[in-house]
Amino acid sequence: MRHAAWHAGKAAWQALGRWLGATVLPAQCALCGIGCPEVLCSPCRAQYFVQLRGLLRPRCRQCANPLAEIEVALLCGRCVHHRPAYDATVTAFDYAAPVDQLLLQLKFGARLPLAPLLAELLHAAIQQQAAWEAPQLLCPVPLGPARLTERGFNQALEIARPLARLLDVPLQPRLALRVRETRAQSGVAPQERRANLAHAFAIAPEHAPLLQGCHVGIVDDVMSSGHTVNALAAACKGAGAARVSILVVARTPPH
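Residues numbered from 1 in each chain as written. Predicted model: local features only at pLDDT ≥ 70, side-chain atom pairs only at ≥ 80, totals over all residues. Heavy atoms only, no water.

> Tell me about the state of the cysteines, and name the residues and values.
What the rule picks out here adds up to zero disulfides. The structure places no disulfide on Cys63, whose sulfur is separated from the nearest cysteine sulfur, that of Cys76, by 3.7 Å. On the accessibility criterion, Cys63 (3% relative accessible area) is buried. For the unlinked cysteine Cys79, the closest cysteine sulfur is that of Cys63, found at 3.7 Å. (Disulfide = S-S within 2.5 Å. Buried < 20%, exposed > 50% of the residue type's maximum accessible area, 1.4 Å probe, protein only.)

Below, the structure written as C-alpha cells:
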C-alpha cells in the first residue's frame, strides 16, 4: 500500500510539473532556447524541414537502415538473410543531433508539446514514400505498468495520437500489452537484446479480432536494434495481422 501511494504521489508531482511547464513557465525553443510561443522557433523549425529533405537518402524498405549505394536492391543484406517480422519501416531522421535532443526532452523531460511536432515531421517523411501503403490502424509500442507509472506517460502514444489524425487512421492505444517488464534496451548488451524482449508483448484478447487480415502500423520514438518493434510485430502477426509497418521518428544507424 505504501509503495503504491509513493508511486501515485510521484505521478501527481510529474503531472504538476508538466502543467507548470505548459502554462506558467515562459515558453522557449527546445533547441536554441530563445523565447517563443511554440516548441521550436521559426529559424530552428525551418532548419528541421531542410534537414528532413536532406536525409531522404536510400534506405532499406524493411528496416530503414541506410543503404550504401543508390543502385543496390531495396533490402539490406541483413533483411535479405534474416527477415524480420515487420514488412516495412519509415523514419524521418537518423538518431543524431539535433533531433536526439527533441526526443530526449520528450521522453525524459516530459515536454509533451514536442510530440505533435515530431508526429508532423514523421508524417512529412511518410508522404515522401513512393510506394506508401497506409495501415488500417496504428498501435503505439506499450510501456510496462512500472515504467508507465514512473514516467507518467508513454512517449510512443503521445506521438501516435497526432500522427493518427494526420494519417486519418484509427488509433488503438490498448491493442497491445507489455506483459513482462523488461530492462531498457539501451542498458542491455547487444547480444542480449533479443532475449530481453522475448514474450514481452501480447495482444489484448478483446482487440484481437481487429487484427485478422489487417495492416498494422506500429509507432515508436526511436528504433535502434529493432528487437522491440520486431517482438511486437511478431505478436501482431501471431494474432492474425497480414502486414506490419513500423513508423518511427528516428532510426539509430548501424555502427
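So much for the structure itself; the text now carries on.
> Give me the lowdown on the sheet that holds strand β6 (residues 243-251), citing residues and values where you can.
Ordered in space as β1-β6-β5-β2, the four strands form an open sheet in which the pairing is parallel. Every other strand in the sheet has two partners, leaving β1 (88-94) and β2 (137-140) as the edge strands with one partner each. Taking each pair of neighbouring strands and ignoring which way they run, the sheet shows an average axis angle of 20°. Where strand β5 (residues 215-223) lies against β6, eight bridges are found, and the strand directions are parallel. Bridge pairing in β6 places Gly217 opposite Ser245. (Pairing = 2+ DSSP bridges. Helix = DSSP H or I, 4+ residues; strand = E, 2+ residues; numbered from the N terminus. Axes fitted to C-alpha atoms, helices over the stretch in contact; angles between N-to-C directions.)

> Outline the pattern of salt bridges, listing residues and values.
Enumeration over the complete set of coordinates arrives at five salt bridges. A salt bridge links Arg161 to Glu158, with the nearest nitrogen and oxygen atoms 3.0 Å apart. In this pair, Arg161 and Glu158 both sit in helix α7 (residues 155-167), three residues apart, roughly one turn of the helix. Arg161 sits in the partly exposed class, given a relative accessible area of 37%. (Salt bridge = Lys/Arg side-chain N within 4 Å of Asp/Glu carboxyl O.)

> How would you explain the side chain of His123 if you had to name every residue and give the values?
Tracing the sequence through the fold places His123 in helix α5 (residues 114-127). Residues in contact with His123, not counting those within four places in the same chain, are Leu163, Leu166 and Leu167. (Contact = heavy atoms within 4.5 Å.)

> Kindly report on α5, identifying the contributing residues and their values.
Taking 1.5 Å of rise per residue, the 14 residues of α5 would be expected to cover 20 Å, and the 20 Å separating its terminal C-alpha atoms lies within 8% of that figure. The element α5 is largely enclosed, with a buried count of eleven among its 14 residues. Considered for burial, the residues of α5 that qualify are Leu114, Ala115, Leu117, Leu118, Ala119, Leu121, Leu122, His123, Ala124, Ala125 and Ile126. (Expected span 1.5 Å × (residues − 1).)

> I'd like a description of unusual backbone geometry, backed by residues and values.
Going from Ala97 to Pro98, the amide bond is cis rather than trans, its omega being 0°. Mapped onto the secondary structure, Pro98 falls in the loop between β1 and α4 (99-109). At Ala64, a position not held by glycine, the phi torsion is positive, near 70°. In this structure, Ala64 sits in the loop between α2 (42-54) and α3 (77-81). Since its relative accessible area comes to 1%, Ala64 is described here as buried. For Asp168, which is not glycine, the phi torsion reads 55° and is therefore positive. Along the chain, Asp168 falls in the loop between α7 and β3 (176-178).

> Kindly report on the nonpolar core, identifying the contributing residues and their values.
Leu40, Leu102, Leu138, Ile159, Leu163, Leu247 and Val249 are the most contacted members of the largest nonpolar core, which has 37 residues in total. When contributions to this core are tallied by element, the ones reaching two or more residues are α2, β1, α4, α5, α7, β5 and β6. Among the elements that take part in this core, α5 stands out by supplying nine residues, more than any other. One finds Cys76, Ala85, Ala176 and Cys214 within the second-largest nonpolar core, a separate group that totals 32 residues. (Core = buried A, V, L, I, M, F, W, Y, C linked by side-chain atoms within 4.5 Å.)

> Provide a residue-level description of the packing of α5 against α7, including the pertinent values.
It is the contact of α5 with α7, at a shortest axis distance of 8 Å, that shows an interaxial angle of 45°. Here α7 runs oblique to α5, going by the angle between their axes. Note that α5 runs across α7; the crossing there is right-handed. Here α5 contributes Ala115, Pro116, Leu118, Ala119, Glu120, Leu122, His123 and Ile126 to the contact with α7, which in turn contributes Glu158, Ile159, Pro162, Leu163, Leu166 and Leu167. The residue makeup of the contact of α5 with α7, split by class, is eleven nonpolar, one polar and two charged. (Parallel < 35°, antiparallel > 145°, perpendicular 65-115°, else oblique. Left-handed = near helix turned anticlockwise from the far one by under 90°. Nonpolar A, V, L, I, M, F, W, Y, C, P; charged D, E, K, R; others polar.)

> Residue-level account of the environment of His81, with values.
Mapped onto the secondary structure, His81 falls in helix α3. Within polar-contact distance, the side chain of His81 engages the backbone oxygen of Gly77 at 2.8 Å. (Polar contact = N/O pair within 3.5 Å; in protein donor to acceptor, adjacent residues only side chain to side chain.)

> Residue-level account of the side chain of Asn65, with values.
Positionally, Asn65 belongs in the loop between α2 and α3. Other than its neighbours up to four places away in sequence, Asn65 contacts Arg59, Cys60, Arg251, Thr252, Pro253 and Pro254.

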